[in-house]
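Below, each chain spelled out in residue letters.
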Amino acid sequence: LAMMTNLLHVSLSFILSYPVLVSAWSFGSSTNEEADSKFTIANRQDWLDNKSSMRITYLGCRWSYIVKDGDEGCREDESGDGTQYWYQMANCRRANVAFAVYGADSGSTRCSKGQFLENFVTTKGLVDFAYAMNNYDYNNNPLTYDDIADLPMCQYQNGYYQSVGCTSDGYFTVDNFNDQYCTQYVSTSNNLKTLNKALSKISCHDCMVNSGDDDNYGTLCASLLYNADVCSYLDSSLCSNPNGNKKIKGSTQSASRAYQDSSSGGSSIGNKLKYFFGSVFLAASFAMFLGILFTNRRKRRALLFRRSQSRSKRSSSRRHEGEFA
């Protein structure tokens, strides 16, 4: 009984602490990381308001989370499509563009270490990056929208589901997949050498041109910054800080991991912690159920024993009365 009571106490403590643990470990984020993310958003506004000039440098292709608009071929956010694994429902990753931002308080930006601001990764894929480059800086843009407009986004063709992907060293490719959600990598169909060469020319590229407004919110800089997540060296080796990786501020909300690794079962530390605590909660709930079951069985046995004793006493008293009579 003492052991079962202790087990019940442990189970209840885990269950009661569930909201706290979820808030601390959910999606591998912490309160400090959320504060850092908000801080970097404020930084972006400050840069657009106060920097005299800003430039971007292309870093490479990064397979990361994408903001879905329905054309990515990802799983739905519900199990209506037959999804069996809940953690894959909203886990939509596609090829995004990683880039570095530099700025100067006065004068021109030369993309030096002292002018480095932050590394970012887009959240809407290569197509939107190319569209922004063409829309805000058509004349000086080495990348045209036509270069990427016809690239597949998890579409079935040539016997496979094909989509723009990323190599481990940060180059864009067209890859073949076995499944309709483009998570089971098979092979590379096209190395996209022309596209990668064009992207590599985006080096210390002025992103504050052709604003058309008195401020900088109508520029390429603004369009890219407000549709991107912070990219740190902890997320991808592409996103190195020229001043030392320990000095990187902020934390991205996107996971950076090649889809070849993620499709084979690789998971982040945050996910591993979620699964661990989920297993602990399940075990604690099962232990509490067993504790309640055994406690109720003991109570029922005690009740039956008391009833049996009461009946035996009544029958014994009746026999004695019959003898006296």
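All of these numbers come straight from a predicted model, not from anything done at the bench. (Residues numbered from 1 in each chain as written. Predicted model: local features only at pLDDT ≥ 70, side-chain atom pairs only at ≥ 80, totals over all residues. Heavy atoms only, no water.)

## A closer look at the pattern of salt bridges
Applying the stated criterion across every chain yields a total of one salt bridge. D105 is the partner of K51 in a salt bridge, and the nearest nitrogen-oxygen pair spans 2.7 Å. Of this pair, K51 sits in the loop between α3 (31-50) and β1 (53-65) while D105 sits in the loop between β2 (93-104) and β3 (116-122), and the two are 54 residues apart along the sequence. Residue D105 is classed as exposed on the basis of its relative accessible area, which comes to 60%. (Salt bridge = Lys/Arg side-chain N within 4 Å of Asp/Glu carboxyl O. Helix = DSSP H or I, 4+ residues; strand = E, 2+ residues; numbered from the N terminus. Buried < 20%, exposed > 50% of the residue type's maximum accessible area, 1.4 Å probe, protein only.)

## So, the state of the cysteines
Enumeration over the complete set of coordinates arrives at five disulfides. A sulfur-sulfur separation of 1.8 Å characterises the disulfide bridge that pairs C61 with C166. Because the torsion about its S-S bond is -60 degrees, the bridge between C61 and C166 counts as left-handed. Of the two residues, C61 is situated in strand β1 and C166 in strand β5 (residues 160-166); the sequence distance between them amounts to 105 residues. The buried category is assigned to C61, whose relative accessible area is 3%. Note on C166: relative accessible area 3%, which makes it buried. Here C207 engages in a disulfide with C221; their sulfurs sit 1.8 Å apart. Residues C207 and C221 are joined through a disulfide that is right-handed, its torsion about the S-S bond being 65 degrees. Residue C207 is found in the loop between β8 (205-206) and α6 (220-225), and its partner C221 is found in helix α6; the two are separated by 14 residues along the sequence. Each member of the pair C207 and C221 is classed as buried. (Disulfide = S-S within 2.5 Å.)

## Considerations on helix α4 (residues 125-136)
With twelve residues, α4 ought to run about 16 Å at 1.5 Å a step, and its terminal C-alpha atoms sit 17 Å apart, in line with that. Among the residues of α4, those classed as buried are G125, L126, F129, A130, A132, M133 and N134. (Expected span 1.5 Å × (residues − 1).)

## Here we look at the side chain of N119
Structurally, the position occupied by N119 is in strand β3. At 3.2 Å, the side chain of N119 and the backbone oxygen of C239 are in polar contact. Within the local environment of N119, its side chain forms a polar contact with the backbone oxygen of S240, the two atoms lying 3.0 Å apart. Residues within four places of N119 in sequence aside, it is in contact with L59, F99, A100, D229, V230, C231, C239, S240 and N241. (Polar contact = N/O pair within 3.5 Å; in protein donor to acceptor, adjacent residues only side chain to side chain. Contact = heavy atoms within 4.5 Å.)

## A word on the sheet that holds β3
Overall, antiparallel pairing links the five strands, which are arranged β8-β1-β2-β3-β9 in an open sheet. Each edge of the open sheet carries a strand with a single partner, namely β8 and β9 (228-230). Strand direction decides the pairing type here: β2 and β3, joined by five bridges, are antiparallel. By the bridge assignment for β3, A98 is matched with V121. (Pairing = 2+ DSSP bridges.)

## A few points about the pairing of β1
Counting buried residues along β1, ten of its 13 residues qualify, which places the element largely inside the surrounding structure. In terms of strand pairing, β1 meets β2 through twelve bridges, oriented antiparallel. Pairing of W63 across the sheet is with A95, part of β2. With two bridges connecting them, β1 and β8 associate as antiparallel partners. Note that in β8 the partner of I56 across the bridge is H205.

The values are spatial; any link to function lies outside them.
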